[in-house]
Amino acid sequence: MDDDLPADFAPGQMPHPGRRDDLHALAAPRRLAVDEHMFTAEGLPGTFRLQLFTAPGARTVAVATQVPGEGMGLTNGAERYAGAVWEKHCPDQEVPPVWVERQLWPQGSRQEVRFRRVVFAGADGYRPSGPRWKAITHEELQDLVGAPVATDRGSGYVPRPAEPEPRLVFEEFAVARLGRPDPFREPGCMPAGVRWWRRWARQLLPDRGARACCWYHGGDWHTVSAMALDVLRRSRTQKLEAEDMEEFAVAHAAAAGATDWETEALTTLFSIGDAIQPDSEIGYINGQHRSQALLEAGVRRTVVLRHLHET
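The model shown is predicted, which means the values in this text are computed figures rather than measured ones.

Asker: If you had to explain the overall build of the protein chain to someone new, which residues and values would you point to?
Answerer: For the protein chain, the count of helices and strands is eight helices and 12 strands. Here the protein chain, with 311 residues, has 47% of them falling under the buried criterion. Contacts in the protein chain between residues at least 24 apart in sequence constitute 64% of all its contacts with a sequence separation of at least 6. When the accessible area of the protein chain is evaluated, it comes to approximately 15,800 Å², of which 51% is carbon and sulfur surface.

Here you go:
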């Protein structure tokens, strides 16, 4: 759903399906009321810079900026982060703030750094739900808030205390053993997790079809995972480090004549910042959407990233 939350949106309700998503309708001359460089709250699994723009009679706009290494990423934590800001800074408002995120990736990363507005479909208490992402330019954002918006992490950023660096290892993994993805960010085509009985049924009757509903269903994950396993085997003969795997995978895809979608999908599996990373405690550090698509397709084995701590 691309509709923004209407003015009469109340927690637990859905926006009207015919209402147009219009940035101009939300625009107002706001002021920067909060610029907290290390925002967090009790129970939040991460930190980020929070710029909060307010004006009488206008909906609050929150801009979250984060760098890798601050805990759960902005995409995976969208509902929790937006809810925490809503509860702490504008609890008397019936709707959450207009939520804009900016994930800063290291120089040279293939990940695109840009502002993205997160449109929520509903809310329960101070927890928004049903997030959808839409790109927004810096100029559009400044027009929305009517004030300058900083694009960097801020001078008040305090890196987490250095911990023993884990050894990053890509390894083969049985897809049926992946945790149940949650939350679901594509309600039209990923309305619920793949239950255990269904994931095992898909192992017997795999699905190789592509769908136009979203990028995650846009190609054959069986082909991509087979390429990934081949990349993994070839890399071991050359004793490549995890940091070199993304470039190696891109070269492999080109040599194999992979399609653009297959190349992009393969690259995400070997990107340090974007690889599927299952976690025994929280389920996933990253990769819920792709895991959902892999499970639905009945892929048997794929490649995940592990953080191994030396003992």
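Resuming the write-up.
Asker: Lay out helix H7 (residues 260–269) with the relevant residues and their values.
Answerer: Counting buried residues in H7 gives eight out of 10 residues, a clear majority hidden from the surface. Next to the buried residues of H7 lie strand E9 (167–174), helix H5 (221–238), helix H6 (245–255), helix H8 (288–297) and strand E12 (301–308).

Asker: How would you summarise the nonpolar core if you had to cite specific residues and measurements?
Answerer: Across soluble globular proteins, nonpolar side chains show a tendency to be buried alongside one another. Counting residues in hydrophobic clusters, the biggest one holds 34 residues, and the most contacted among them are Phe-170, Trp-221, Leu-266 and Phe-270. Those elements that place two or more of their residues in this core are E9, H5, H6, H7, H8 and E12. Counting residues per element, this core draws most heavily on H5, at seven residues. Beyond its immediate chain neighbours, meaning those up to four positions away, Phe-270 contacts Phe-170, Ala-228, Val-231, Leu-232, Met-245, Glu-246, Ala-249 and Val-303.

Asker: So what's going on with empty space enclosed by the protein? Which residues, and what values?
Answerer: This model, assessed by the stated rule, comprises two cavities of 30 Å³ or more. Roughly 100 Å³ of volume is contained in the largest cavity. Taken together, Asp-207, Arg-208, Gly-209, Arg-211, Tyr-216, His-217, Gly-219, Asp-220, Trp-221, Ala-293, Glu-296 and Ala-297 make up the lining of the largest cavity. Per element, the largest residue contribution to the lining of the largest cavity is three residues, and it comes from H8. Taken together, the residues of the lining of the largest cavity sort by class into four nonpolar, three polar and five charged.

Asker: So what's going on with the environment of Ser-291? Which residues, and what values?
Answerer: In this structure, Ser-291 sits in helix H8. Given the relative accessible area of 0%, Ser-291 is considered buried. Once residues lying within four places of it in the same chain are set aside, the contact partners of Ser-291 are Leu-178, Pro-181, Ile-276 and Tyr-284.

Asker: Can you tell me about the confidence of the model for the protein chain, naming the residues and giving the values?
Answerer: Per-residue confidence for the protein chain gives a mean pLDDT of 87; residues scoring 70 or more make up 86%. Low pLDDT (under 50) marks residues 1–20, which in the prediction has 51 contacts with non-local residues, meaning those over four places away or in another chain.

Asker: Can you break down the packing of H5 against H7 residue by residue, with the values?
Answerer: A pair of packed helices can be characterised by two numbers: the angle between their axes and the separation between those axes. Where H5 contacts H7, the axes come no closer than 9 Å and their chain directions differ by 50 degrees. Between H5 and H7, the angle falls in the class oblique. The crossing of H5 and H7 is right-handed. Contact with H5, carried on its side by Trp-221, Thr-223, Val-224, Met-227, Ala-228 and Val-231, involves Trp-261, Glu-262, Ala-265, Leu-266 and Leu-269 of H7 and no other residues of that element. Residue composition of the contact of H5 with H7, grouped by class: nine nonpolar, one polar and one charged.

Here is what the cut-offs are and how they apply
Residues numbered from 1 in each chain as written. Predicted model: local features only at pLDDT ≥ 70, side-chain atom pairs only at ≥ 80, totals over all residues. Heavy atoms only, no water. Helix = DSSP H or I, 4+ residues; strand = E, 2+ residues; numbered from the N terminus. Buried < 20%, exposed > 50% of the residue type's maximum accessible area, 1.4 Å probe, protein only. Contact = heavy atoms within 4.5 Å. Areas by Shrake-Rupley, 256 points an atom, 1.4 Å probe, with all protein chains shown as cover. Core = buried A, V, L, I, M, F, W, Y, C linked by side-chain atoms within 4.5 Å. 1 Å grid on protein atoms, 1.4 Å probe; cavity = no way out; pocket = protein on both sides within 12 Å on 5 of 7 lines; lining within 4 Å. Points joined across faces, edges and corners; volume = space filled by probe spheres on them. Nonpolar A, V, L, I, M, F, W, Y, C, P; charged D, E, K, R; others polar. pLDDT = per-residue confidence, 0-100. Axes fitted to C-alpha atoms, helices over the stretch in contact; angles between N-to-C directions. Parallel < 35°, antiparallel > 145°, perpendicular 65-115°, else oblique. Left-handed = near helix turned anticlockwise from the far one by under 90°.

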